[in-house]
Amino acid sequence: MKPAPFGYERPRDLQATLALLGGAEASTKIIAGGQSLGPMLNLRLVEPRMIVDISGLDELKQVERRGDELVLGACVTHADIEDGRVPDVTRGAMQGVAGNIAYRAVRNRGTVGGSLSHADPAADWVSALSALGAKLTLRSLAGVRTVTMEEFIVGALESALRVGEIVETIHVPARPASAHWGYVKSCRKTGEFAHAIGAILIDPSVATARVVIGAIDAAPIVITNATELFGGRVAGDYKERFDGRVADLLLVKAGVTNAAHRHIHVNVLKRAVREAAA
C-alpha cells in the first residue's frame, strides 16, 4: 500500500520546526528516521494532513557530557551509539542495547528520540532508558519541560507529548562503577520486536536497584525500589535472592492475565538478573 496524500515541510532549524508545529493540526506527524512512521503511513494506520521532517536539524544531533550525565539530541541514531560516536557514560550498557536493535539498516536511520516518541512498549529504548533513570527535555513554543521516562511513557503507543511539542534531548545519568547492568529481550527471531524485556540497574554497594519489565501491552513496569524482588534487601547475593513470584504478581497487577506470557517475562527478567551478576 501507499500513504494517503499529505503535506510535507522540512524546516531549516528547531525554531522554525516549533513554529510549524505550533500552528499545525493535531494530525501533524514528525518524521526523523522514519523507521516506525514510514510503515504506518504505508499501511494507512495513520493519515496525517502534514508531515514535518526534522532529519536535517543539526541542533537535535548534538551530544554533550554535562557533569554526571550524557545529553543526547533526539536525532542521534542507534548506529551513532552502537559505533561509539557517542560517549557511553553507561559503561557499555547503551552501546549493547543499540547494537541489538532490529537490523543495521534500521539502526542507521532510526533515532532515539523517534523511538521514544513512538512509545512502542516493545522498543528497546523505552525499557532500557527507564532502567537507566533517564529524563527527557520536551520543547514547544510555550517553553520547555523535563519529564522522567516513567512520566513520559503513559501507555502502549501513548506518550506525554502535547500538541506542538517535540522531544529535544535525552538525559542519561552516568552509571556508577559499582553498579551492575543486565538487559535481556526475547524475540521470535533476530531483528523482530521483543515480546518480553527485562532490564536491571543494581548497585549492591548502596543497596539500590531499578528494575523494568517491558514489552507488555502497556507502559513498562518500572520498579524504582526493587527490594521486594530480592527478599527485602539488595545485597551482593541478589542473584540468589531474586524472587520470580514477586515479578509474577507485578505482572498480574499490570493486567497480564496469560500465565504463559507471565512465565516468559519472569524468565527473561531472571536472565537479566543473572547477566548483571555475571
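Scroll up to find the structure this text is about.
Predicted, not measured: the structure shown is a model, and the values here were computed from it. (Residues numbered from 1 in each chain as written. Predicted model: local features only at pLDDT ≥ 70, side-chain atom pairs only at ≥ 80, totals over all residues. Heavy atoms only, no water.)

Visitor: I'd like to hear about the pairing of strand S10 (residues 166-173), residue by residue, with values.
Guide: Counting buried residues along S10, 7 of its 8 residues qualify, which places the element largely inside the surrounding structure. As defined by bridge partners, strand S5 (residues 69-73) adjoins S10 across 5 bridges and the pair is classed as antiparallel. Looking across to S10, one finds that Val-71 is bridged to His-171. Direction of pairing for strand S6 (residues 135-140) relative to S10: antiparallel, over a ladder of 5 bridges. Looking at S10, one finds that Leu-138 is bridged to Val-167. (Buried < 20%, exposed > 50% of the residue type's maximum accessible area, 1.4 Å probe, protein only. Helix = DSSP H or I, 4+ residues; strand = E, 2+ residues; numbered from the N terminus. Pairing = 2+ DSSP bridges.)

Visitor: For the sheet that holds strand S7 (residues 143-148), give the residues involved together with the corresponding values.
Guide: Within the open sheet, the 5 strands sit side by side as S4-S5-S10-S6-S7. Their pairing is antiparallel. Two strands in the sheet have a free side with no partner beyond their single neighbour: strand S4 (63-66) and S7. Between one strand and the next, the sheet's axes are offset by a mean angle of 20°, whatever the strand orientation. The strands touched by helix H1 (residues 14-22) within the sheet are S6 and S10, with S10 carrying the most contacts at an inclination of about 125°. (Axes fitted to C-alpha atoms, helices over the stretch in contact; angles between N-to-C directions. Contact = heavy atoms within 4.5 Å.)

Visitor: With reference to specific residues and values, describe the pattern of salt bridges.
Guide: A side chain of one charge can pair with a side chain of the opposite charge if their charged atoms are brought near each other. Using the criterion set out here, one finds 14 salt bridges in the structure. In this structure, Arg-145 engages Glu-165 in a salt bridge whose closest nitrogen and oxygen atoms are separated by 2.8 Å. Taken together, the positions of Arg-145 in strand S7 and Glu-165 in the loop between strand S9 (158-159) and S10 put the pair 20 residues apart, joining distant regions of the chain. Judged by relative accessible area, which is 7%, Glu-165 ranks as buried. (Salt bridge = Lys/Arg side-chain N within 4 Å of Asp/Glu carboxyl O.)

Visitor: If you had to explain the environment of Gly-113 to someone new, which residues and values would you point to?
Guide: Locating Gly-113 in the fold gives a position in helix H6 (residues 112-118). Once the C-alpha coordinates of Gly-113 and Leu-136 are considered, the two residues, 23 residues apart in sequence, prove to be 9.2 Å apart. Not counting residues within four places of it along the chain, the set of residues in contact with Gly-113 comprises Ala-74, Val-167 and Ile-170.

Visitor: So, the sheet that holds strand S14 (residues 221-223): which residues are in play, and what are the values?
Guide: Spatially, 4 strands are ordered S11-S12-S13-S14 in an open sheet, and the strand pairing comes out antiparallel. Each end of this open sheet is capped by a strand with a single partner; those strands are strand S11 (180-186) and S14. Averaged over all neighbouring strand pairs, the angle between strand axes comes to 5°, with direction disregarded. In the sheet, S11 pairs with strand S12 (residues 196-203) via 7 bridges, with the strands oriented antiparallel. Looking at S12, one finds that Ser-186 is bridged to Ala-196.

Visitor: Go over the pairing of strand S13 (residues 208-214), please, and point to the residues and values.
Guide: As a general feature of sheets, a regular strand has side chains that alternate between the two faces. Of all 7 residues that make up S13, 6 are buried, and the element is covered over most of its length. The pairing of S12 with S13 spans 7 bridges and is antiparallel. Across the sheet, Ile-200 pairs through a bridge with Val-211, a residue of S13. Connecting the antiparallel pair S12 and S13 is a turn made up of 4 residues, with Ala-207 showing a positive phi of about 55°. What sits between the antiparallel neighbours S13 and S14 is a turn of 6 residues, in which Ala-215 has the positive phi angle 65°.

Visitor: Describe the packing of aromatic side chains, with residues and values.
Guide: What characterises a pair of aromatic rings is the spacing of the ring centres plus the angle enclosed by the ring planes. Scanning the model with the defined rule gives 3 aromatic pairs in all. Ring plane angle 5° and centroid distance 6.2 Å describe the contact between Trp-181 and Tyr-183, whose orientation is recorded as stacked. Taken as a pair, Trp-181 and Tyr-183 share a single burial class, namely buried. Of the aromatic side chains, those joined through ring pairs into one cluster are Phe-230, Tyr-238 and Phe-242. (Phe/Tyr/Trp six-rings, centres within 6.5 Å; stacked < 30°, edge-to-face > 60°.)

Visitor: Could you give an account of the side chain of Ser-127, naming the residues involved and the relevant values?
Guide: For Ser-127, the position within the fold is in helix H7 (residues 124-131). In contact with Ser-127, not counting residues within four places along its chain, are Pro-121, Tyr-183, Ile-197, Ala-199, Val-212, Gly-214, Ala-215 and Pro-220.

Visitor: Tell me about the nonpolar core, and please be specific about residues and values.
Guide: Grouped burial of nonpolar side chains is what soluble globular proteins tend to show. Formed by 42 residues in total, the largest nonpolar core has its most connected members in Leu-72, Ile-81, Leu-116, Trp-125, Leu-129, Ile-170 and Trp-181. Setting aside residues no more than four positions away along its own chain, Trp-125 makes contact with His-78, Ile-81, Met-94, Val-97, Ala-98, Ile-101, Val-112, Ser-115, Leu-116, Ser-130 and Met-149. With 27 residues, the next largest nonpolar core counts Ala-196, Ile-216, Ile-223 and Leu-269 among its residues. (Core = buried A, V, L, I, M, F, W, Y, C linked by side-chain atoms within 4.5 Å.)

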